[in-house]
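# Analysis of the macromolecular model
Read off the chains here:
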Amino acid sequence: MGDTMTSDATTKDLPDEAAGADADWLVEATKRLVACPSGTPPGDTRAMTEEIVALIADLPGIEIERHPGAEHVMNLVLRLKGGKPGPRLVFNGHMDTFPLGNAAEWTADPTGEAREGKLYGLGVSDMKAGIAAILFALRRLAPIREQLAGELVATFAGDEETMGVLGSRLLLDTVPHAGGDVMISADAGSPRVLRFGEKGMIWMKLSASGRSAHAAHVHKGESALEKLIDAIAALRAIRDLPVAAPQKVVEAIAAAGPVSEELSGAGESEVLGKVTVTFGTMSGGRLSNLVADHAEATADVRIPVGISVATIEAEILRIAAEHGVAVEITRRYEASWTDPEHPVIGLLARNVRKVLDIDPVLNMRVGASDARHYRAAGVPTVVCGLTPVNMGAADEHVAIDELVALGRIYVLTAFDYLAGRP
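Right, let's walk through the structure included here. Predicted model only: the values in this text are computed from it and were never measured. Numbers given for residues are sequential positions, taken from 1 along each chain in its written order. Whole-chain, interface and lining totals are the exception, using all residues; otherwise, since this is a predicted model, local features are given only for residues with pLDDT of at least 70 and side-chain atom pairs are given and counted only at 80 or more. Water and hydrogen atoms were dropped before computing side-chain values, which therefore reflect all heavy atoms in the structure.

## Structural notes on the sheet that holds strand 4 (residues 113-115)
Definition in use: Pairing between strands requires that DSSP locate at least two bridges from one strand to the other. A helix here means a DSSP run of H or I that spans at least four residues, while a strand means a run of E at least two residues long, and both kinds are numbered starting from the N terminus. Axis geometry follows a simple rule: fit a line to the C-alpha atoms, using only the stretch in contact for helices, then measure angles between N-to-C directions, giving values from 0 to 180 degrees. Contact between two residues is taken to exist if any of their heavy atoms lie within 4.5 Å; hydrogens are not considered.
Spatially, the three strands line up as an open sheet ordered 4-5-16, and their pairing is antiparallel. A single partner strand is all that each edge strand has here, and the edge strands are strand 4 and strand 16 (397-399). Direction aside, neighbouring strands of the sheet carry axes that sit 20° apart on average. Across three bridges, strand 5 (residues 118-120) lies against strand 16 in antiparallel orientation. Its bridge partner lying in strand 16, Lys118 is registered against Ala399. Packed onto the sheet, helix 3 (residues 124-141) meets strand 5 and strand 16 and runs at close to 50° relative to strand 16. Contacts from helix 11 (residues 400-418) reach strand 4, strand 5 and strand 16, with the element oriented near 70° to strand 16.

## Focus: the pairing of strand 3 (residues 84-94)
What counts here: For every residue, the accessible area obtained with a 1.4 Å probe (protein chains only) is divided by the maximum for its type, and the residue is called buried under 20%, exposed over 50%, and partly exposed between those limits.
Burial runs high along strand 3: nine of the eleven residues are buried. Sheet topology places strand 3 next to strand 6 (residues 149-157); eight bridges connect them, and they run parallel. Across the sheet, the residue bridging to Gly93 is Phe156, located in strand 6. Of the pairings in the sheet, the one linking strand 3 to strand 7 (residues 182-185) comprises four bridges and is parallel in character. Across the sheet, the residue bridging to Asn92 is Ser185, located in strand 7.

## Concerning the nonpolar core
Which entries qualify depends on this criterion: What is meant by a nonpolar core is a set of buried Ala, Val, Leu, Ile, Met, Phe, Trp, Tyr and Cys residues, joined one to another through side-chain atoms within 4.5 Å.
Counting residues in each nonpolar core, the largest one holds 75 residues, and the members touching the most others are Ile52, Leu78, Leu135, Leu141 and Phe156. Setting aside anything within four residues of it in sequence, one finds Phe156 in contact with Ile52, Asn75, Leu76, Leu78, Gly93, Met95, Ile131, Ile134, Leu135 and Leu171. By size, the runner-up hydrophobic cluster in this structure holds 26 residues, among which are Ala208, Val275, Val277 and Ala320.

## Observations regarding the packing of helix 9 (residues 343-356) against helix 11
To be explicit about the condition: Here the angle decides the label: under 35 degrees means roughly parallel, over 145 means roughly antiparallel, 65 to 115 means roughly perpendicular, and every other value means oblique. Helix crossings get a hand from a simple test, with the near helix turned counterclockwise from the far one by less than a right angle marking a left-handed crossing and a clockwise turn marking a right-handed one. The residue classification treats Ala, Val, Leu, Ile, Met, Phe, Trp, Tyr, Cys and Pro as nonpolar and Asp, Glu, Lys and Arg as charged. All others, Gly included, are polar.
Where helix 9 contacts helix 11, the axes come no closer than 9 Å and their chain directions differ by 135°. On the basis of their axis angle, the class for helix 9 and helix 11 is oblique. In the crossing of helix 9 with helix 11, the sense of the turn from one axis to the other is right-handed. Here Val344, Leu347, Leu348, Arg350, Asn351, Val352, Lys354, Val355 and Leu356 of helix 9 come into contact with helix 11, specifically with Ala405, Arg408, Ile409, Leu412, Thr413, Asp416 and Tyr417. The residue makeup of the contact of helix 9 with helix 11, split by class, is ten nonpolar, two polar and four charged.

## Some remarks on the sheet that holds strand 10 (residues 276-284)
Taken together, four strands build an open sheet; the order of strands is 10-11-9-12 and the sheet is antiparallel. The open sheet is flanked by strand 10 and strand 12 (326-333), the only strands paired with a single partner. Sheet twist, expressed as the mean angle between neighbouring strand axes with direction ignored, is 15°. Bridge count for strand 10 against strand 11 (residues 294-303) is eight bridges, and the pairing is antiparallel. Residue Ser283 lies in a different strand from strand 11, and its bridge partner there is Glu296. Contacting strand 9 (200-209), strand 11 and strand 12, helix 8 (residues 309-322) crosses the sheet at an angle of about 170° to strand 12.

In structure tokens, the structure reads:
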């Protein structure tokens, strides 16, 4: 399959719907999805799957496939074939969300509420409104499918928030058409910043053993806590490991900084270019007057493009060994990126300009997403989602105007790609 195909189709072939109708459908579809509980834990996405199916049940030409990852984890693949051979464009999203937390902190209905131009609800930004935007693209393109070359596939994962492998990874490993020539992820972000890559990660558990003794006889003991504290202090040095990122990546991060940091916070550009380590938990000992004979800590290491997991892991093991601390690596994956000059990113940027009248910037992403699974499978991938407000917290919401704009951006980009409009 190639990147584009020749076609006589033009944007005039797209069904013309009034702006109000577009907004009404997207808001209603999103509210229906938000009303389906899919918080993790337990991460049950079966009801969410059926609600998505119900939302596209009246569309012609949609093939529907359910792929369970576990008894309660359902994945969904929707397939819309064009009228002639061509490339495959994949839209990807995840159906699971953060758990609700304290419902009393919400001023809006966490199961979905629209007011004052905003759409509220648990998981609305991460990422049920993004899923609705994908369904909107299918809704607009299904009637003209015979005029398109190739196919449009939507993959909806039931396992993402735990960073597990029962969702997008399973689909890519077991469903040939879950992969494609390109993938657009609707994960949280902003149309103003198209994310072409993301940092890698290592999760680790540190364990130290000592010898217990009464605090009055400290000379008879060996403190596991102090051993662990010394190791933690030494491990902070991995933040200074040299990084040799490709020039394209370095230049993109620098150019995107002013816009991207306005959304993601000052310091994002620096974080994108260096190794970070966060010590998340620490425990040990039994009593304040006993020398601790055991201590544990966990840490999250984020890895930029330009340094490998193997390099960082070797340094972690070396430092830990010097301090007599054991290390268990519980999760690892490399940083990933797609060439920011890839044609699909150019098409997406062009349609952001057309719909929103802004020039989007191209940048890496500090957080993890299922985009990494697609890049690992050799699929060029870009993330373009909605700007989240209070993501994972009380009164999580998105702007309705931006949701409508995202739906149109997806429609135009899929149309351009499958109609061979470079």
